[in-house]
Amino acid sequence: MQLALDEEILGPLCTDVETDLRLHIHSARLTGVVDVDPVQTGVKDLSQFLRISPLRLVTKEVDIRSRLIHYLNASFHNHTAVSLHNWKVRCVLYLYVLSAT
(Lines give C-alpha, C1' and ligand atoms only; values in the text may rest on other atoms or scores of the structure.)
Protein backbone atom coordinates (compact mmCIF):
# COMPACT_ATOMS: atom_id res chain seq x y z
CA MET A 1 0.00 0.00 0.00
CA GLN A 2 2.86 2.38 0.88
CA LEU A 3 4.53 1.73 -2.48
CA ALA A 4 1.31 2.46 -4.38
CA LEU A 5 0.80 5.67 -2.39
CA ASP A 6 4.37 6.77 -3.15
CA GLU A 7 4.23 5.95 -6.86
CA GLU A 8 0.69 7.02 -7.67
CA ILE A 9 0.10 10.04 -5.44
CA LEU A 10 3.13 11.38 -3.57
CA GLY A 11 5.69 11.12 -6.40
CA PRO A 12 3.57 12.90 -9.03
CA LEU A 13 2.34 15.44 -6.46
CA CYS A 14 5.88 16.37 -5.44
CA THR A 15 7.09 16.80 -9.02
CA ASP A 16 3.97 18.79 -9.99
CA VAL A 17 4.38 21.17 -7.04
CA GLU A 18 8.10 21.58 -7.78
CA THR A 19 7.41 22.30 -11.45
CA ASP A 20 4.66 24.80 -10.63
CA LEU A 21 6.92 26.58 -8.13
CA ARG A 22 9.78 26.76 -10.60
CA LEU A 23 7.61 28.15 -13.38
CA HIS A 24 6.01 30.66 -11.05
CA ILE A 25 9.27 31.92 -9.58
CA HIS A 26 11.17 31.93 -12.87
CA SER A 27 8.42 33.74 -14.75
CA ALA A 28 8.11 36.33 -11.98
CA ARG A 29 11.85 36.91 -11.44
CA LEU A 30 13.50 36.43 -14.82
CA THR A 31 12.61 38.29 -17.99
CA GLY A 32 12.45 36.28 -21.18
CA VAL A 33 11.56 33.06 -19.40
CA VAL A 34 8.42 31.12 -20.25
CA ASP A 35 5.43 33.13 -19.16
CA VAL A 36 2.88 31.10 -17.25
CA ASP A 37 -0.68 31.93 -18.20
CA PRO A 38 -3.08 29.98 -15.96
CA VAL A 39 -6.05 30.81 -18.21
CA GLN A 40 -4.45 29.07 -21.21
CA THR A 41 -2.61 26.26 -19.45
CA GLY A 42 -5.17 25.56 -16.74
CA VAL A 43 -4.50 25.60 -13.05
CA LYS A 44 -4.19 22.58 -10.82
CA ASP A 45 -5.18 23.31 -7.25
CA LEU A 46 -2.65 21.20 -5.42
CA SER A 47 -3.20 22.96 -2.11
CA GLN A 48 -6.01 20.58 -1.19
CA PHE A 49 -3.41 17.82 -0.77
CA LEU A 50 -1.55 19.92 1.79
CA ARG A 51 -4.66 20.27 3.92
CA ILE A 52 -5.29 16.54 4.23
CA SER A 53 -4.78 15.19 7.72
CA PRO A 54 -2.04 12.56 8.01
CA LEU A 55 -3.14 9.24 6.55
CA ARG A 56 -3.06 6.20 8.77
CA LEU A 57 -1.88 3.04 7.11
CA VAL A 58 -1.68 -0.34 8.80
CA THR A 59 1.75 0.17 10.39
CA LYS A 60 2.51 3.87 9.95
CA GLU A 61 1.19 7.35 9.41
CA VAL A 62 1.86 9.32 6.22
CA ASP A 63 1.84 13.10 6.40
CA ILE A 64 1.61 14.34 2.81
CA ARG A 65 2.54 17.91 3.74
CA SER A 66 5.70 16.84 5.61
CA ARG A 67 6.72 14.52 2.78
CA LEU A 68 6.29 17.31 0.23
CA ILE A 69 8.32 19.77 2.32
CA HIS A 70 11.09 17.19 2.72
CA TYR A 71 11.10 16.50 -1.03
CA LEU A 72 11.29 20.19 -1.92
CA ASN A 73 14.05 20.87 0.63
CA ALA A 74 16.12 18.00 -0.74
CA SER A 75 15.46 19.02 -4.34
CA PHE A 76 16.38 22.68 -3.79
CA HIS A 77 19.51 21.68 -1.90
CA ASN A 78 20.62 19.25 -4.61
CA HIS A 79 20.00 21.74 -7.41
CA THR A 80 21.83 24.49 -5.54
CA ALA A 81 24.82 22.22 -4.96
CA VAL A 82 24.99 21.41 -8.68
CA SER A 83 24.41 24.90 -10.08
CA LEU A 84 25.90 27.41 -7.68
CA HIS A 85 25.27 30.32 -10.05
CA ASN A 86 21.53 29.96 -9.52
CA TRP A 87 21.51 29.97 -5.71
CA LYS A 88 19.41 33.14 -5.40
CA VAL A 89 16.47 31.63 -7.28
CA ARG A 90 16.72 28.46 -5.15
CA CYS A 91 16.71 30.62 -2.05
CA VAL A 92 13.53 32.35 -3.20
CA LEU A 93 11.90 28.97 -3.92
CA TYR A 94 12.87 27.69 -0.50
CA LEU A 95 11.55 30.76 1.28
CA TYR A 96 8.32 30.56 -0.75
CA VAL A 97 7.83 26.96 0.39
CA LEU A 98 8.47 27.89 4.01
CA SER A 99 6.03 30.78 3.88
CA ALA A 100 3.30 28.59 2.39
CA THR A 101 3.50 26.07 5.23
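J.: So, the overall build of the protein: which residues are in play, and what are the values?
T.: The secondary structure content of the protein amounts to five helices and two strands. A buried classification covers 23% of the 101 residues belonging to the protein. Across the protein, the fraction of contacts at a sequence separation of at least 24, relative to all contacts at a separation of at least 6, is 66%. Carbon together with sulfur atoms contributes 59% to the accessible area of the protein, which is approximately 7200 Å² in total.

J.: Give a description of the confidence of the model for the protein that names residues and reports values.
T.: Close reading of the predicted structure is inappropriate where its pLDDT is low. Within the protein, residue pLDDT values average 75, and 59% of them lie at 70 or more. Mean pLDDT per element in the protein: helix α2 (residues 38-41) is the minimum at 59, and strand β2 (residues 61-62) is the maximum at 90.

J.: An account of the side chain of E18 is requested, with residue identities and associated values reported.
T.: Within the secondary structure, E18 is located in helix α1 (residues 2-29). One polar contact links E18 to S75, side chain to side chain, over a distance of 2.5 Å.

J.: Which residues make up the environment of V17, and what are the values?
T.: Assignment of secondary structure puts V17 in helix α1. Counting along the chain gives 27 residues from V17 to K44, while the straight-line C-alpha distance between them is 9.5 Å. Among residues more than four places away in sequence, those in contact with V17 are L46, L68 and L72.

J.: Residues and numbers for the nonpolar core, please.
T.: Buried together is how nonpolar side chains tend to be arranged in soluble globular proteins. Counting residues in hydrophobic clusters, the biggest one holds twelve residues: L5, L10, L13, C14, V17, L21, L46, V62, I64, L68, L72 and F76. When residues of this core are traced back to their parent elements, those giving at least two are α1 and α4 (64-82). Per-element tally for this core: the top contributor is α1, with six residues.

J.: Report on the pattern of salt bridges, specifying residues and quantitative values.
T.: According to the stated counting rule, one finds two salt bridges in the structure shown. The partner of R67 in a salt bridge is D6, with the nearest N and O atoms 2.7 Å apart. Taken together, the positions of R67 in helix α4 and D6 in helix α1 put the pair 61 residues apart, joining distant regions of the chain. Judged by relative accessible area, R67 falls into the partly exposed class, the value being 33%.

J.: Describe in detail the environment of P12, supporting the description with residues and values.
T.: Within the secondary structure layout, P12 lies in helix α1. A relative accessible area of 32% means that P12 is categorised as partly exposed.

J.: Hey, could you go over the side chain of S75 for me, with residue numbers and the actual values?
T.: Relative to the helices and strands, S75 is located in helix α4. On the accessibility criterion, S75 (8% relative accessible area) is buried. Leave out the neighbours within four places in its chain, and S75 touches E18 and R22.

Here is what the cut-offs are and how they apply
Residues numbered from 1 in each chain as written. Predicted model: local features only at pLDDT ≥ 70, side-chain atom pairs only at ≥ 80, totals over all residues. Heavy atoms only, no water. Helix = DSSP H or I, 4+ residues; strand = E, 2+ residues; numbered from the N terminus. Buried < 20%, exposed > 50% of the residue type's maximum accessible area, 1.4 Å probe, protein only. Contact = heavy atoms within 4.5 Å. Areas by Shrake-Rupley, 256 points an atom, 1.4 Å probe, with all protein chains shown as cover. pLDDT = per-residue confidence, 0-100. Polar contact = N/O pair within 3.5 Å; in protein donor to acceptor, adjacent residues only side chain to side chain. Core = buried A, V, L, I, M, F, W, Y, C linked by side-chain atoms within 4.5 Å. Salt bridge = Lys/Arg side-chain N within 4 Å of Asp/Glu carboxyl O.

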